[in-house]
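# A structural walkthrough
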Amino acid sequence: QVQLVESGGGLVQAGGSLRLSCVASGRTDSIYTMGWFRQAPGKEREFVAAITWSGGDIYYRNSVKDRFTISRDNAKNTVYLQMNSLKPEDTAVYYCADQKRGEADFGSWGQGTQVTVSS
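Below is a summary of the structure that appears in this document. (Residues numbered from 1 in each chain as written. Predicted model: local features only at pLDDT ≥ 70, side-chain atom pairs only at ≥ 80, totals over all residues. Heavy atoms only, no water.)

### Side note on the overall build of the protein
Assigned secondary structure in the protein consists of zero helices and 11 strands. For the protein, the sequential pattern of α-helices and β-strands runs β-β-β-β-β-β-β-β-β-β-β. Relative to the globule expectation of 14 Å for 119 residues, the C-alpha radius of gyration of the protein, 13 Å, shows essentially globular dimensions. Principal-axis analysis of the C-alpha atoms places the extent of the protein at approximately 40 × 25 × 25 Å. For the protein, the residues scored as buried account for 43% of the 119 residues in total. For the protein, long-range pairs separated by at least 24 residues make up 52% of all intrachain contacts whose partners lie at least 6 apart in sequence. Here the protein has roughly 6,300 Å² of accessible surface; of this, 44% comes from carbon and sulfur atoms. If the 13 positive side-chain charges of the protein are averaged to one point and the 12 negative ones to another, these points end up 3 Å apart. (Helix = DSSP H or I, 4+ residues; strand = E, 2+ residues; numbered from the N terminus. Rg over C-alpha atoms; globule rule 2.2 N^0.38 Å. Buried < 20%, exposed > 50% of the residue type's maximum accessible area, 1.4 Å probe, protein only. Contact = heavy atoms within 4.5 Å. Areas by Shrake-Rupley, 256 points an atom, 1.4 Å probe, with all protein chains shown as cover. Lys, Arg positive; Asp, Glu negative; His and termini not counted. Charge placed at Lys NZ, Arg CZ, Asp CG, Glu CD.)

Take a look at the structure:
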């Protein structure tokens, strides 16, 4: 199994920045992709960004691709989400999740970290 712990959320004014971290533990050798998702109050969970663990292929949703940067440090079993130029609509609980080798969907999920962007 893989355990994921997010951190780095907080309260920030519009235009500010935050860096989220997600540390993976357990059977990290099974990870193929690490992704970030978010869920705002009353909204469905949505995809934000993802990165493949070995090749570093990166994917973003269009609304964040010019503002957010996903990266990983395999030695630390950590994936990051640098969020710049934050907007109130970015307010959500942010979750990291892993897609394991041989699986089509994301499996393990972290507890989430709250990001609140004030206007």
